[in-house]
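# Fold and contact review
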Amino acid sequence: MKLTQLFATLLSFFIISHAAAVEVSDHTVAYTVAYDKSALPAARLTLWDYERAGDNINPAIRSRDSWNCLSASDSSHGACPTTSVWGGAWGATTSIRLRFTEQRSRLSVDLNVTAAKYFYANPTNDCEAYLGSLRINAPSFMVCNGLPTYNGQALSAYIDPAEYQKIPTGGVWQASLILKQMEWDPYKQVATWTANITLDVTDRHHGDIYLPAFGTAAPLVDLNLRTQPLSTAAGGQVSGGTTLDACLYDGYNANSSWLKLTVSDLLAAGGRAADVFSVVRAGGNVGDASSRVDYRVSLSYNGKPQVVSNGAEINLAGVNSALIRPVSLPGISFPVVCTPTPLTLSVLPFAKAAKTAGRYTGVLRLTLAATALAP
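For the structure given in this document, a descriptive report is provided here. (Residues numbered from 1 in each chain as written. Predicted model: local features only at pLDDT ≥ 70, side-chain atom pairs only at ≥ 80, totals over all residues. Heavy atoms only, no water.)

## Some remarks on the nonpolar core
What counts is decided by this rule: Nonpolar cores are built from buried Ala, Val, Leu, Ile, Met, Phe, Trp, Tyr and Cys residues. Side-chain atoms within 4.5 Å join them into one set. Classification of residues uses two cut-offs on accessible area relative to the type maximum, computed with a 1.4 Å probe and protein chains only: under 20% is buried, over 50% is exposed, and between them is partly exposed. Only DSSP runs of H or I with at least four residues qualify as helices, and only runs of E with at least two residues qualify as strands; both kinds are numbered from the N terminus onward.
Leu47, Trp48, Ile96, Phe100, Leu177, Leu179 and Leu199 are the most contacted members of the largest nonpolar core, which has 34 residues in total. Of all the secondary-structure elements, those providing two or more residues to this core are β1 (27-36), β2 (45-55), β3 (66-69), β4 (94-102), β5 (108-121), β7 (150-159), β8 (171-183) and β9 (188-202). Ranked by the residues each element gives to this core, the list is headed by β9, at 6 residues. By size, the runner-up hydrophobic cluster in this structure holds 31 residues, among which are Ala254, Val263, Tyr301 and Leu373.

Pasting the structure below:
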């Protein structure tokens, strides 16, 4: 009777201490981190946190697994060792160089992913659930209390917040980390681990209206007035105009869904039509037609012309799919892409004798707004 009870107790212990195997499988995760360059995230981005990679009642099957990169030098999907090496320093980690590419400018930069692997026990049998860390490409074997308790591996990987400083400009920066989970004997791949990462970065204080022909934000623009002899216009007919090359940068590498541009001459209406802009004679008055020269403004956005009203906001939709242009801007160390929006200024023809002689000047102010920019 005592022998039967002892056997029953041992049988019960055997059943409890061998949990059902967790099958090895592919692991795919996706993360999006949105922030502005003026306020970098303070927390690390955790890709996997002690993520279990399968286990087996036979500890020799899963407990010796490891992870390899696709390449040791090409950071497209992560650069780290591509082969497994038995053993390794206790407490070590693996640094993985991962390429992030901005989706509109195609500018790329490498960030470091820190990764480590850990032994885990299922069930624990009074041992610690996890032990580590080791380099991810370092298979080895671990026992507890003289028994091969550790029958699986777990993976942790994260991006330290200091890495965000390496992102040079606003934009949508994407990366895809791919790791191969490797069995030791026979040495073969048993699963694929993929982390798709998007860093949605704005640069709210670095929007700009780029004027390629000028090195200043307040250029002098000549309307190129020309007089043509004309019998119906006393003193001849005067006309003119110019094209002002402009490119709009949203602080987001042209990833905005829209931009809003306001063009104004900062003058009172003075009886002018809504689409009329003016330069005024020194000492003159905008309400006096003989003391001002009027012109109209049109702009070209995504290859299509648009009429501009004085002081009215123009909504430019679909910026994230419109034409782009690479530029270098002050205060930004890397090239960015902007949205070409050239302006054409066309003087309304007038009789030269109808205007008072003098120097005519004015201001044309361009104001840019976008969701990605500070108000």
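## Some thoughts on the state of the cysteines
Here, the word disulfide means a covalent bond between the sulfur atoms of two cysteines. Heads up, the rule is: We call a pair of cysteine sulfur atoms a disulfide whenever their separation is within 2.5 Å.
Per the counting criterion, the structure on display carries 3 disulfides. A disulfide bridge connects Cys127 with Cys144, and the sulfur atoms are separated by 1.8 Å. Measuring handedness by torsion sign, the sulfur bridge of Cys127 and Cys144 sits at about -95° and is left-handed. Placement of Cys127 in the loop between β5 and β6 (130-134) and of Cys144 in the loop between β6 and β7 is noted, with a sequence separation of 17 residues between them. Cys144 matches Cys127 in its accessibility class, with the two residues each being buried. The residue that forms a disulfide with Cys247 is Cys338, at a sulfur-sulfur distance of 2.0 Å. The sign of the S-S torsion, about 100°, decides the handedness of the disulfide formed by Cys247 and Cys338: right-handed. Separated by 91 residues along the polypeptide, Cys247 in strand β14 (residues 247-249) and Cys338 in strand β21 (residues 336-340) bring together distant segments of the chain. Accessibility assignment for this pair places Cys247 and Cys338 in one class, buried. Along the chain, the cysteines engaged in disulfide bonds are linked according to the scheme 1-2, 3-4, 5-6 when indexed in sequence order.

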